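One-letter residues, chain by chain:
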Amino acid sequence: MDPEQLVAIHKNHAGEIISFQTSSGRIISYRKALNEAEAGTITGVNINETDEGSASLVSADGLELNQFPDIY
């Protein structure tokens with residue numbers, strides 16, 4: 001299976017990213033995107049871990065994920 005990339009986002013009412021669309025058209029949750037990025041299934045993102053142990057996704061090319069187009 002070829003690696004996918006994240007191409008669009010969906011935010012909740014508070015403006016937080018809650019899901020992504022991949023280059024193959026799948027809609028996946030933020031948590032699933034983190035897991036797949038760790039496994040290498042999704043490329044083009046890096047995982048940023050805080051001192052408290054929480055993880056977040058950041059674009060590998062320096063773009064803010066908030067700049068991705070909205071799914072809907």
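The shown structure was predicted, so the numbers you read here are calculated from the model rather than taken from an experiment.

1. So, the pattern of salt bridges
- Applying the stated criterion to the full structure yields three salt bridges.
- One salt bridge in this structure joins R26 and E4, with 2.6 Å as the shortest N-O distance. Of this pair, R26 sits in the loop between β2 (17-22) and β3 (27-29) while E4 is found in strand β1 (residues 4-11), placing the two residues 22 residues apart along the sequence.
- One salt bridge in this structure joins K32 and E36, with 3.1 Å as the shortest N-O distance. In this pair, K32 and E36 are both assigned in helix α1 (residues 30-39), four residues apart and thus about one turn of the helix distant.

2. Some points on the pairing of β1
- Bridge count for β1 against strand β4 (residues 42-43) is two bridges, and the pairing is parallel. Bridge pairing in β4 places E4 opposite I42.
- The pairing of β1 with β2 spans five bridges and is classified as antiparallel. Its bridge partner lying in β2, A8 is registered against Q21.
- Linking two consecutive strands that pair antiparallel, namely β1 and β2, is a turn of five residues; a positive phi of about 85° is found at G15 within it.

3. Examining the sheet that holds β4
- Pairing in this open sheet of four strands is mixed, and the strands run β3-β2-β1-β4 from one edge to the other. Sheet topology places β3 and β4 at the edges, where each strand pairs with a single neighbour.
- One ladder, built from three bridges, connects β2 with β3; its direction is antiparallel. Residue pairing for β3: Q21 is matched across the bridge by I27.
- This element, α1, spans β1, β2, β3 and β4 of the sheet and lies at about 90° to β3.

4. Points about α1
- Turning to α1, its buried residues are Y30, A33, L34, E36 and A37.
- Where α1 is buried, its residues touch β1, β2, β3, β4, β5 (45-49) and β6 (55-59).
- Taken from the residues just after α1, G40 is the one with a positive phi, measuring 85°.

5. Thoughts on the side chain of S59
- Within the fold, S59 resides in strand β6.
- For S59, a relative accessible area of 8% gives the class buried.
- At 2.4 Å, the side chain of S59 and the side chain of D61 are in polar contact.
- In contact with S59, not counting residues within four places along its chain, are G44, V45 and L65.

Calculation notes
- Residues numbered from 1 in each chain as written.
- Predicted model: local features only at pLDDT ≥ 70, side-chain atom pairs only at ≥ 80, totals over all residues.
- Heavy atoms only, no water.
- Salt bridge = Lys/Arg side-chain N within 4 Å of Asp/Glu carboxyl O.
- Helix = DSSP H or I, 4+ residues; strand = E, 2+ residues; numbered from the N terminus.
- Pairing = 2+ DSSP bridges.
- Contact = heavy atoms within 4.5 Å.
- Axes fitted to C-alpha atoms, helices over the stretch in contact; angles between N-to-C directions.
- Buried < 20%, exposed > 50% of the residue type's maximum accessible area, 1.4 Å probe, protein only.
- Polar contact = N/O pair within 3.5 Å; in protein donor to acceptor, adjacent residues only side chain to side chain.

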